[in-house]
Amino acid sequence: MSIKKLFTAASAAALLVTLAGCQAPAAGPEVPIRIGASLPLTGEFSQGGADTQRGYEVWAALQNERGGILGRKVEMIYKDDATNQNTVVSNYNQLLSNENVDLLLGTQSSLLNIPASTVAERAGMLYICASCASPEMFNRGFEYSFFSQQALASEQGAAFADWIIGLPEGERPQKVAYPSLDDPFATPAVEGVRKKLEAAGIETAYADTYPAATKNFDAIVTAIRDSGAEAVVQGAQFEDGVNFVRALNRANFQPEILYQSSSPTYGQQYVDGVGVENTEGVLFSSSYHVDADTNGNKEFVAKYREMHGELPPEDAADGYAAGQVLASVVESVGSTEDQKALADWLRGNQVETILGTLEWNKDGSPRGEFLLGQWQNKVSEVVLPAEAATTDRITRWRGGES
Amino acid sequence: MITLLQLLITGLLVGAVYALMSSGLTLIFGVMRVVNLAHGAFAVLAAYLTYTLWSLTGLDPLLSVPIIVAVMFGVGWLSYNLVVRHVRGSHISMTVLVTFGIALTIEGIAGFVWGNQSRTVRTAYTDTSVQIGPFFLPTATLLAAAIAVVLLGALFLILNQTWMGRAVRASAVNESGALLVGVSVKSISASAFALGIATLGAGGAIIAVMYPFIPGTHYQWIARLLAIVVLGGLGSLMGAVIGALLIGVAEQLATQYVGASWVEIVPFLIIFIILIVRPQGILGQKLREDATV
């Protein structure tokens, strides 16, 4: 072999080796599916963020026990957005550009999901959020965002409003107060109830939004008491919901009907915050019940207890359901490559989750109905709709028949 | 009229707690020109310590105030010597950055130790109120305000009747002069910082009884406390008390007569108007731009 031929052969071999090295590894069973999510693990929404993360973790653990998705293990990559709208944007950009994730799950709260979803939309990535009920999420013409609960915030109190409207004339409140946290979830939830009740001729005695920094509710409760309201519908996250109930007690003002949009769903922490005797009769909207006979709920509850030693709160269940939706759509489409195909599949199909059957409108908003829950005898029950109810009794706040 | 008086009463009670919490912030600025952005985080840390004592031993949170005050004095002294003293005398932006770093560190540690779940301290008197005629006085707030008055009184006595207090005030007014008459300004600064955090510790124990908290709660507190000390005049203890009472009452009145959504804006409007008339705040003094520590 001449030197020239030897050089040519060596060059060709080197080129082949180089090309082989440059080739991307095939996404075989040994390569995990990387799923990225940013969550408020610190800052003001860290409580809900931590619960959602637990839901994601339990889902990933169970999914991997079942062999993963498409035969590939699931690997979760989390970033902490510190309840900051700017950080959440940079986190999702990093997940896409630095972490090279295959799929995305959403962050916690509409406040953070609204900016986060713009990153996913720009990148053409499916964005399934477990906690993004604000109508503002779905009026922007986005194609890739989907909410994995049953209804938007504006519809979450529908069952409660219908129950009030259906009460006999003598038991129906004539005047209702609507205090609400200034938040993209809480305000539409309260407005949805108010719209229905006003249309039914029930007078609005008080309506106002308070900022997130509000600590002392004595003045708000004084104003509501002076308004003559017989029922209170509060749009509340956790802390303000607890503070409000405490202020009601301090002012010795006890409306017969008390509805809070979110805080009562925090389970034991709510009980610890307001005191068990004050939970009796509090009504709330809920996506989930721990005893629900839904797809995978028993496994979820058992695994959650095994991993965390307690019953799952609602945010954890919502996180788990988001994982179920993601797994279902990817298994059905058969790949993570074509994100548009994933989004299109969700628009045309239903998914069975621990929250029940979920289906979506063209804009990614869900087409379903929320549960109406009530604390009764230290237990969180479902009172409406009748087919999902765990009890047929609805009581007044602090007891009394209804 | 009854409603107005009720709001004035609750506003003053809440304002007394604000005063206790903001007194340390203004004291620290007065002595060493440090805007302590970690003040809210120290308060939340004190609330967690109170919660731990209460949940482990059942000790009433208000009775645990002396313990928390002592522990927080130590925390303050350590924080000063480990971190703050290195930036004392630097440009104010440096002190702001460093203390914000301390706040984030405390938030992280609290999240690690206690978790990022809401904690609450419920006592037999948490939801009760004392009824006097048509007025209700929330029991916890009433007790908290009483403790705040006692502690603020003690702080005034320390600052006005003891050698250490006179040294603190001398350091605040004229550091060079204080040095000339034998005051160890470095040592006094550490004591003043620790004293400010200790006073705040009492406030933290009180807020543990009044409101649920998570590590991230400190952002809400620091915004409110800064507003109070700016209104009262940075560095003025009496100014902080007046500012706190004004803000407490303004929040209550704004909620009732302007709307709950204005509750944050109205106090800031008051601050804005007062600062136009008195840029140094109600009782604050104009700072010399050329004065360096």
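Residues numbered from 1 in each chain as written. Chains lettered and ligands numbered in written order. Predicted model: local features only at pLDDT ≥ 70, side-chain atom pairs only at ≥ 80, totals over all residues. Heavy atoms only, no water.

1. Here we look at the overall build of chain B
Note the following rule: What counts as a helix is a DSSP run of H or I of at least four residues, what counts as a strand is a run of E of at least two, and both are numbered from the N terminus. With C-alpha atoms as the basis for the radius of gyration, the globule rule is written as 2.2 Å multiplied by the number of residues raised to the power 0.38. Per-residue accessibility, obtained with a 1.4 Å probe over protein chains only, is compared with the maximum for each type, and a residue is labelled buried under 20%, exposed over 50%, and partly exposed between these values. For the area figures, the Shrake-Rupley method with a 1.4 Å probe applies, and any residue is considered shielded solely by the protein chains shown. Charge counting follows a simple rule: Lys and Arg are positive, Asp and Glu are negative, and His as well as the terminal groups are ignored. Every charge is mapped onto a representative atom, which is NZ of Lys, CZ of Arg, CG of Asp or CD of Glu.
Counting its secondary structure elements, chain B contains 11 helices and 2 strands. Overall, chain B shows an N-to-C arrangement of helices and strands of α-α-α-α-β-β-α-α-α-α-α-α-α. Taking 2.2 N^0.38 as the reference for a compact globule, 293 residues should give roughly 19 Å; the C-alpha atoms of chain B span a radius of gyration of 19 Å, in line with that estimate. C-alpha atoms of chain B, sized along the principal axes, occupy 60 × 50 × 35 Å. Among the 293 residues that make up chain B, the fraction classed as buried is 56%. Only carbon and sulfur atoms are counted for the fraction: they give 72% of the accessible area of chain B, which is about 11,900 Å². Charged side chains of chain B number 12 positive and 8 negative; the gap between the two group centres comes to 10 Å.

2. A short note on the layout of surface pockets
Rolled over the atoms, a probe with the dimensions of a water molecule shows which regions are left empty. Operational definition: Every definition here rests on a 1 Å grid over the protein atoms only: cavities are sets of points where a 1.4 Å probe fits but cannot get out, pockets are open sets enclosed by protein on both sides within 12 Å along at least five of seven lines, and lining residues have some atom within 4 Å of a point. Grid points are joined across faces, edges and corners, and a volume is the space filled by probe spheres set on the points.
If you add up the space inside the second largest pocket, you get close to 810 Å³. Tyr 266, Gly 267, Gln 268, Gln 269 and Trp 375 of chain A are the residues nearest the centre of the second largest pocket, which is lined by 35 residues in total. Secondary-structure elements contributing two or more residues to the lining of the second largest pocket are helix H10 (268-274), strand S10 (283-286) and strand S14 (379-384) of chain A together with helix H2 (39-57) of chain B. No other element matches the 5 residues that H10 of chain A contributes to the lining of the second largest pocket.

3. Things to note about the pattern of salt bridges
Residue and element names in this part refer to chain A. The following threshold applies: We count a salt bridge whenever a side-chain nitrogen from Lys or Arg sits within 4 Å of a carboxyl oxygen from Asp or Glu.
Evaluated as defined, the whole model comprises 21 salt bridges over all chains. Among the salt bridges present, the one from Lys 303 reaches Glu 65, with a minimum N-O distance of 2.5 Å. Placement of the pair is Lys 303 in helix H12 (residues 297-308) and Glu 65 in helix H2 (residues 46-65), with a sequence separation of 238 residues. For Glu 65, a relative accessible area of 54% translates into the label exposed. We note a salt bridge from Arg 367 to Glu 359, for which the minimum N-O separation is 3.3 Å. Among the residues examined, Arg 367 registers a relative accessible area of 43% and is labelled partly exposed.

4. Description of empty space enclosed by the protein
How we decide: Polarity classes work like this: nonpolar for Ala, Val, Leu, Ile, Met, Phe, Trp, Tyr, Cys and Pro, charged for Asp, Glu, Lys and Arg, and polar for all others, with Gly in that last group.
Per the stated rule, a full pass over the model turns up 2 cavities of 30 Å³ or more. When its volume is computed, the largest cavity comes out at roughly 100 Å³. Considering the residues around the largest cavity, the lining is formed by 14 residues, among which Thr 214 and Asn 216 of chain A together with Glu 251, Thr 255 and Val 263 of chain B are closest to the centre. When residues of the lining of the largest cavity are assigned to their parent elements, the largest contribution, 3 residues, is made by helix H10 (residues 237-257) of chain B. Partitioning the lining of the largest cavity into residue classes produces 6 nonpolar, 4 polar and 4 charged. Counted as a void, the second largest cavity has a volume near 40 Å³. Lining the second largest cavity are Asn 216 and Arg 250 of chain A together with Thr 126, Ala 140, Thr 141, Met 210 and Tyr 211 of chain B.

5. Looking at the packing of H2 of chain A against helix H13 (residues 314-333) of chain A
Residue and element names in this part refer to chain A. Rule in force here: Axis definition: a line fit to C-alpha positions, over the contact stretch in the case of helices; interaxial angles, taken between N-to-C directions, run 0 to 180 degrees. Note that the term roughly parallel is reserved for angles under 35 degrees, roughly antiparallel for angles over 145, roughly perpendicular for angles of 65 to 115, and oblique for everything else. Note: crossing handedness is left-handed where the near helix turns anticlockwise from the far helix by less than a right angle, and right-handed where it turns clockwise. It only takes one pair of heavy atoms within 4.5 Å for two residues to be counted as in contact.
In contact at an axis separation of 7 Å, H2 and H13 are set at 40 degrees when each is read in the N-to-C sense. Comparing their axes, H13 and H2 come out oblique. Regarding H2 and H13, the two cross each other, and that crossing is right-handed. Packed against H2, whose contacting residues are Gly 48, Asp 51, Thr 52, Gly 55, Tyr 56, Val 58, Trp 59, Leu 62 and Gln 63, the element H13 presents Asp 315, Ala 316, Gly 319, Tyr 320, Ala 322, Gly 323, Gln 324 and Ala 327 at the interface. Classifying every residue of the contact of H2 with H13 gives 8 nonpolar, 7 polar and 2 charged.

6. Focus: the sheet that holds strand S3 (residues 103-105) of chain A
Residues and elements named next belong to chain A. Heads up, the rule is: Note on pairing: DSSP must find at least two bridges between two strands before they are called paired.
What the 5 strands build is an open sheet, ordered S2-S1-S3-S4-S5; its pairing is parallel. Two strands close off the open sheet at either side, each with one partner strand: strand S2 (74-80) and strand S5 (145-147). Going across the sheet, the axis of each strand differs from the next one's by a mean of 25 degrees, ignoring polarity. Sheet analysis places strand S1 (residues 33-39) next to S3, joined by 2 bridges and oriented parallel. Opposite Gly 36, over in S3, you have Leu 104 as the bridge partner. Together, S3, strand S4 (127-129) and S5 form the strand contacts of helix H4 (residues 110-123), whose direction differs from that of S4 by roughly 160 degrees.

7. Focus: the confidence of the model for chain B
Residue and element names in this part refer to chain B. Spelled out, the test is: A residue's pLDDT is the predictor's confidence in that residue, given on a scale from 0 to 100.
Counting all residues, the mean pLDDT for chain B is 88, and 97% of those residues have values of 70 or more. When the elements of chain B are averaged for pLDDT, helix H11 (residues 265-277) gives the smallest value, 81, and H2 the largest, 96. We note a pTM of 0.82 for the whole complex and an ipTM of 0.81 for its interfaces.

8. A short note on the interface of chain A and chain B
For clarity, the threshold we go by: Any pair of N or O atoms that falls within 3.5 Å is considered a polar contact. Within protein, one atom must be able to donate a hydrogen and the other to accept it, and sequence-neighbouring residues count only if both atoms are side-chain atoms.
Of the residues lining the interface, 41 residues belong to chain A; the matching set on chain B comes to 38 residues. At the boundary of chain A with chain B, the tally comes to 1 salt bridge. One can count 22 residue pairs in polar contact (both at pLDDT 80 or more) joining chain A with chain B. Elements with a minimum of two residues in the side of chain A that touches chain B: H2, strand S7 (203-210), helix H8 (218-227), helix H9 (238-250), H10 and helix H11 (276-279) of chain A.

9. Structural notes on the side chain of Ser 171 of chain B
Residue and element names in this part refer to chain B. With respect to the element layout, Ser 171 can be found in helix H6 (residues 163-173). Polar contacts involving the side chain of Ser 171 include one to the main-chain carbonyl oxygen of Ala 167, which spans 2.7 Å. Setting aside anything within four residues of it in sequence, one finds Ser 171 in contact with Val 31, Ala 178, Val 183, Val 185 and Ile 188.

10. Remarks on the pairing of strand S13 (residues 371-376) of chain A
The element S13 of chain A is extensively covered by neighbouring structure, given that 6 of its 6 residues are classed as buried. Of the two faces of S13 of chain A, both are covered, the one formed by Leu 371, Gly 373 and Trp 375 of chain A as well as the one formed by Leu 372, Gln 374 and Gln 376 of chain A.

11. A few points about helix H9 (residues 218-232) of chain B
All names here are of chain B. For the record, the criterion: Any helix carries an expected span of 1.5 Å times its number of residues minus one.
Over its 15 residues, H9 runs 21 Å from end to end, which matches the ideal 21 Å to within 8%, given 1.5 Å per residue. With 11 of its 15 residues buried, H9 lies for the most part within the structure. Along H9, the residues that are buried comprise His 218, Gln 220, Trp 221, Ile 222, Arg 224, Leu 225, Ala 227, Ile 228, Val 229, Leu 231 and Gly 232.

12. Focus: the packing of aromatic side chains
Residue and element names in this part refer to chain A. The condition is simple: In this analysis, rings of Phe, Tyr and Trp, with Trp reduced to its six-membered ring, are considered paired at centre separations within 6.5 Å, and the interplanar angle assigns stacked below 30 degrees, edge-to-face beyond 60, and tilted for intermediate values.
Inspection of the entire model under this criterion finds 17 aromatic pairs over all chains. With 6.1 Å between their ring centres and 90 degrees between their planes, Phe 217 and Phe 244 make a pair best called edge-to-face. Within this pair, whereas Phe 217 is found in the loop between S7 and H8, its partner Phe 244 is found in helix H9, the two being separated by 27 residues in sequence. We note that Phe 217, like Phe 244, is buried. An angle of 35 degrees between the planes, with centres 4.5 Å apart, marks the rings of Phe 300 and Tyr 320 as tilted.

13. Observations concerning the nonpolar core
Soluble globular proteins tend to bury their nonpolar side chains together. How we decide: Only buried residues count toward a nonpolar core, which is a set of Ala, Val, Leu, Ile, Met, Phe, Trp, Tyr and Cys residues joined through side-chain atoms within 4.5 Å.
The biggest cluster of nonpolar side chains holds 79 residues, and the ones touching the most others in it are Met 21, Met 32, Phe 42 and Ile 206 of chain B. Looking at this core element by element, the count peaks at 15 residues for helix H8 (residues 185-210) of chain B. In this view, Phe 42 of chain B contacts Asn 36, Met 72, Val 75, Ser 79, Ile 102, Ile 106, Ile 197 and Leu 200 of chain B; residues no more than four positions away in its chain are not counted. Leu 95, Val 119, Phe 138 and Ala 317 of chain A belong to the second largest nonpolar core, which has 68 residues in total.

14. Here's the deal with the state of the cysteines
By definition, a disulfide is the covalent link that joins the sulfur atoms of two cysteine residues. All names here are of chain A. Note the following rule: Only a pair of cysteine sulfur atoms within 2.5 Å qualifies as a disulfide here.
For the structure on display, the rule yields 1 disulfide over all chains. With a sulfur-sulfur separation of 1.9 Å, Cys 129 is cross-linked through a disulfide to Cys 132. Handedness of the Cys 129-Cys 132 disulfide follows from its S-S torsion of about 65 degrees: it is right-handed. A relative accessible area of 0% means that Cys 129 is categorised as buried.

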